[in-house]
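The lines below spell out each chain.
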Protein chains: 2
Amino acid sequence: MKILLDGNGGDNAPKSVVEGAVLATEKIDHQLIIIGKEDEIKKELKELGYEGNKIQVVHASEKIENEDNPSKAFRVKKDSSIVKGLNMIKAGEADLFISAGNTGALMVSGIFILGRIPGIDRPAIGSVYPILGKDLPALLIDAGANAECKPNNLLEFAMMGNIYMEKVLGINSPKIGLVNMGTEENKGTPVIKETFKLLEKSDMNFVGNVEAREVPKGACDVIVCDGFVGNVILKLTEGLASNISALLKKKFTEGVRAKVGAVFLLNKMKEIRQEFDYSEYGGAPILGVQGPIVKMHGSSTGKAVSNAIVMAVPFIEGKVVETIKSSVSELERIEYDISE
Amino acid sequence: MKILLDGNGGDNAPKSVVEGAVLATEKIDHQLIIIGKEDEIKKELKELGYEGNKIQVVHASEKIENEDNPSKAFRVKKDSSIVKGLNMIKAGEADLFISAGNTGALMVSGIFILGRIPGIDRPAIGSVYPILGKDLPALLIDAGANAECKPNNLLEFAMMGNIYMEKVLGINSPKIGLVNMGTEENKGTPVIKETFKLLEKSDMNFVGNVEAREVPKGACDVIVCDGFVGNVILKLTEGLASNISALLKKKFTEGVRAKVGAVFLLNKMKEIRQEFDYSEYGGAPILGVQGPIVKMHGSSTGKAVSNAIVMAVPFIEGKVVETIKSSVSELERIEYDISE
């Protein structure tokens, strides 16, 4: 098994990527390849004193910046780590691509280089969503790739999320929930109502409509929504968590009494922050393309990169892409049933 | 000025409604009317020892339950507090209606009895949204009445929210933000992109697209979105706040050390909970109908009802409904400019 890392992608590249790779060699026994600016990567490897043979370096001279237009960057930057890296996946020279680079470019390049899985209309980004007080996160799909969706797209997202959670996180028969503005079947937009019917016809463990209030409480393992709503859920969660944390900090340092109390609670505060740590579950899978791609947060640390590498193993071994491919006929069966 | 209260609506009716009315008589000098089951209301008034002449009771024998279908309830329950109350508003027997009852029934009855404001295609519900660390909340509009919206609907929401925040909360030139999945003008669905153009042409203080991450930080005073997204924002905020609060409670009572720390922080924890208290700003205005209606949370306490009554005064005195009416021509101007 060969895991390919984008050495040019992310705010802290290549430093955090190299750090993550070195950390991962202590945890898993697979070949890692870092694609990017060779001299910079080798310098980082040297600084970390890594002398093993588990990390290989492939040169890619260009970097797709976050500001780059995805479609244009894909056409123009042929020697970028993303374009070159995905061509390596296509050629079978590596089994999975991990990048903290430009999400749009990763998506566009994934679709154009690897191709969509036949029968999947719209590939999507799944994002792990931490559930406070639970060991395993949920998967939110779509996390922002498709602003507007048709019922069949949402059905595809549910199916792909279902497979990912089963194969990669080991959740047996994941609970599939459809984000809606009420739990009743007749709630929501026409698209949501139609999606409800499709999901009901499926063999998945569909638990019905889920209100946003229940999402952070772990009402479902796969949170199905369009990319607009997915983006709102992810970003609002981020914003609120950081806001509440800032408020706690402010309140707990006002006056001597509060400061004394806060000292006693230092460890607990640290535990609370860890509950919000997305990075433990290894980034966001791009699902629906013919090859495994994992998108990481732009500001990923070495530890986060290392976690993504570890989680890549079940993504490959669980044959997520192949399982999605072979499940497409099930989607067609559902759509046929509904049109009957 | 006469403020009309729904004595049959809400989980704690008529108790909390009567409590709120009595509390409010100490704060404002206007006539209050409670419409509902006369004997029950009078019993509560007696229990509270109220003997003043500021609270009048009007009998309405029926209650629209939360489970009732709004359109059907409106047609069938003619002697319900909602239908009878809104007819009193129409007849000029009271100036504003406050209810903690069935939201859909309130909306449908408002539209059928009072009528839409000419030129307003879709009335909407505005919900106050607390901004941590700030004295004034934002207004989220639409909070759930219209799952799907056209650009002109969103423009109407912005205009109505703008007027409400100016007249009722006294915010000069409120910042109008459009919820989107990125700040760039070309982000989002076709509806959102078109709305962006309309808002840019308006005379309002449009601050552009606002990501959900920035909403709880107070990036804008009027949060414009369709009812689906509005529902997601409100419910997710509620769910996360309650979840984080439960986690804090759990963590802060684990072990002696944490318990000691928590004792020192009791007051601070109380202050933090208050920051999340929506009820201080008096419920959610239904905007776009020809009369002022305020929807309260079903579980509103006496204090919350009293706050809603106090906030009703600037809603009436600020002539919010009349100002919306006279601003409709501005909407037409914007739409004409765009179609040019």
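What you see is a predicted model, and the numbers here were worked out from it, not measured in a lab.

Parameters and conventions
- Residues numbered from 1 in each chain as written.
- Chains lettered and ligands numbered in written order.
- Predicted model: local features only at pLDDT ≥ 70, side-chain atom pairs only at ≥ 80, totals over all residues.
- Heavy atoms only, no water.
- Salt bridge = Lys/Arg side-chain N within 4 Å of Asp/Glu carboxyl O.
- Buried < 20%, exposed > 50% of the residue type's maximum accessible area, 1.4 Å probe, protein only.
- Core = buried A, V, L, I, M, F, W, Y, C linked by side-chain atoms within 4.5 Å.
- Contact = heavy atoms within 4.5 Å.
- pLDDT = per-residue confidence, 0-100.
- Phe/Tyr/Trp six-rings, centres within 6.5 Å; stacked < 30°, edge-to-face > 60°.
- Helix = DSSP H or I, 4+ residues; strand = E, 2+ residues; numbered from the N terminus.
- Lys NZ or Arg CZ within 6 Å of the ring centre and 35° of its normal.
- Least-squares fit on C-alpha atoms with pLDDT ≥ 70 in both.
- Buried area = accessible area lost by both parts, 1.4 Å probe.
- Polar contact = N/O pair within 3.5 Å; in protein donor to acceptor, adjacent residues only side chain to side chain.
- Nonpolar A, V, L, I, M, F, W, Y, C, P; charged D, E, K, R; others polar.
- Pairing = 2+ DSSP bridges.
- Axes fitted to C-alpha atoms, helices over the stretch in contact; angles between N-to-C directions.
- Left-handed = near helix turned anticlockwise from the far one by under 90°.

1. Some remarks on the pattern of salt bridges
According to the stated counting rule, one finds 22 salt bridges over all chains in the structure shown. Across the pair glutamate 211 of chain B and arginine 213 of chain B runs a salt bridge, and its minimum N-O distance is 3.7 Å. Look at glutamate 211 of chain B and you get buried, because its relative accessible area is 14%. On the basis of relative accessible area, arginine 213 of chain B is assigned to the partly exposed category, the value being 22%. Residues joined by salt bridges that share partners form a network here, namely Glu211 and Arg213 of chain A together with Lys235 and Glu238 of chain B.

2. What about the nonpolar core?
Core analysis: the biggest nonpolar cluster contains 228 residues, and Ile3, Ile98 and Tyr129 of chain A together with Ile3, Ile98, Tyr129 and Ile309 of chain B have the highest contact counts within it. Not counting residues up to four positions away in its chain, the partners in contact with tyrosine 129 of chain B are Leu236 and Leu240 of chain A together with Pro137, Ala138, Val215, Pro216, Ile223, Ile233, Leu234 and Thr237 of chain B.

3. Overview of the confidence of the model for chain A
Residues shown with low pLDDT carry predicted positions that ought not to be read at fine detail. Averaged over chain A, the pLDDT score is 93; the fraction of residues at 70 or greater is 99%. The ipTM assigned to the predicted complex is 0.92, against a pTM of 0.93.

4. Details of the packing of aromatic side chains
Residue and element names in this part refer to chain A. Evaluation of the coordinates by the stated rule reveals six aromatic pairs over all chains. With 5.4 Å between their ring centres and 25° between their planes, phenylalanine 74 and phenylalanine 112 make a pair best called stacked. In this pair, phenylalanine 74 sits in helix H3 (residues 70–76) while phenylalanine 112 sits in helix H5 (residues 103–114), placing the two residues 38 residues apart along the sequence. According to the relative accessible area criterion, phenylalanine 112 is exposed, its value standing at 59%. Seen from the ring of phenylalanine 74, lysine 78 lies directly overhead, with NZ or CZ sitting 5.3 Å from the centre.

5. Points about the relation of the copies chain B and chain A
Once chain B is rotated about the relating axis by 180° and shifted along it by 0.0 Å, it coincides with chain A to within an RMSD of 0.0 Å. Overall, the copies show the geometry of a two-fold rotation axis. Of every C-alpha in chain B, the one belonging to glycine 261 of chain B sits nearest the axis of rotation, 1.9 Å from it. An overlap of 100% is found between the interface residues of chain B and their copies at the interface of chain A, pointing to a shared contact surface.

6. Re the environment of isoleucine 338 of chain A
Residue and element names in this part refer to chain A. Checked against the element boundaries, isoleucine 338 lands in helix H12 (residues 320–339). For isoleucine 338, a relative accessible area of 25% corresponds to the partly exposed category. Distance from isoleucine 338 to lysine 197, taken between C-alpha atoms, is 7.7 Å for residues 141 residues apart in sequence. Non-local contacts of isoleucine 338, meaning those with residues more than four positions away in its chain, are made with Glu194, Lys197, Leu198 and Lys201.

7. Focus: the interface of chain B and chain A
Accessible area lost when the parts come together is the quantity often used to give the size of an interface. Taken together, the contact pairs 51 residues of chain B with 51 residues of chain A. Regarding the contact of chain B and chain A, the summed buried area is about 5000 Å², with carbon and sulfur atoms giving 73% of it. Remark: the boundary between chain B and chain A carries four salt bridges. Note that glutamate 211 of chain A and lysine 235 of chain B form a salt bridge whose closest N and O atoms lie 2.6 Å from each other. Between chain B and chain A we count six residue pairs in polar contact (both at pLDDT 80 or more) in total. Going through the elements one at a time, helix H7 (190–201), helix H8 (227–251), helix H9 (255–264) and helix H10 (266–275) of chain B are the ones with two or more residues in the side of chain B that touches chain A. Its residues assigned to classes, the side of chain B that touches chain A comprises 28 nonpolar, 11 polar and 12 charged.

8. Re the sheet that holds strand S7 (residues 175–179) of chain B
Residue and element names in this part refer to chain B. Spatial ordering of the open sheet is given by S3-S2-S1-S4-S11-S10-S5-S6-S9-S7-S8, a layout of 11 strands whose pairing is mixed. Each having just a single partner strand, strand S3 (55–59) and strand S8 (205–210) make up the two edges of the open sheet. Neighbour-to-neighbour, the strand axes of this sheet turn through a mean angle of 25°, independent of strand direction. In this structure, strand S2 (residues 31–36) lies alongside S3, joined through five bridges in parallel fashion. By the bridge assignment, isoleucine 35 is partnered in S3 with valine 58.

9. What about helix H1 (residues 15–25) of chain B?
All of the buried residues along H1 of chain B are Ser16, Val17, Val18, Gly20, Ala21, Val22, Ala24 and Thr25 of chain B. Residues of H1 of chain B that are buried in the fold lie against strand S1 (2–6), S2, helix H2 (38–47), S3 and helix H11 (302–317) of chain B.

10. Considering the sheet that holds strand S8 (residues 205–210) of chain A
All names here are of chain A. Ordered by their spatial adjacency, 11 strands build an open sheet running S3-S2-S1-S4-S11-S10-S5-S6-S9-S7-S8, and the pairing between neighbours is mixed. Looking along the sheet, the strands with just one partner apiece sit at the ends: strand S3 (55–59) and S8. Each adjacent strand pair in this sheet contributes to an overall mean axis angle of 25°, direction not counted. Taken together, the five bridges between strand S7 (residues 175–179) and S8 define a ladder with parallel strand orientation. Residue pairing across strands places isoleucine 176 opposite phenylalanine 206, the latter belonging to S8. In this fold H5 packs onto strand S4 (96–99), strand S5 (124–129), strand S10 (284–287) and strand S11 (293–295), with an angle of close to 170° to the strand it touches most, S11.

11. Regarding the pairing of strand S6 (residues 138–141) of chain A
All names here are of chain A. Of the two faces of S6, the one lined by Ala138 and Leu140 and the one lined by Leu139 and Ile141 are each fully buried. As paired strands, S5 and S6 are joined by four bridges and run antiparallel to one another. Looking across to S6, one finds that valine 128 is bridged to leucine 139. In terms of strand pairing, S6 meets strand S9 (residues 222–224) through three bridges, oriented parallel. Within S9, the residue paired with leucine 140 across the bridge is isoleucine 223.

12. Here we look at the packing of H7 of chain B against helix H12 (residues 320–339) of chain B
Residue and element names in this part refer to chain B. Across the interface, H7 lies against H12 with an axial gap of 9 Å and an inter-helix angle of 115°. Taken as a pair, H7 and H12 cross one another with a handedness that is right-handed. Within the contact between the two elements, H7 uses Glu194, Lys197, Leu198 and Lys201 and H12 uses Arg333, Ile334, Glu335, Asp337 and Ile338. Of the residues in the contact of H7 with H12, the class split is three nonpolar, no polar and six charged.

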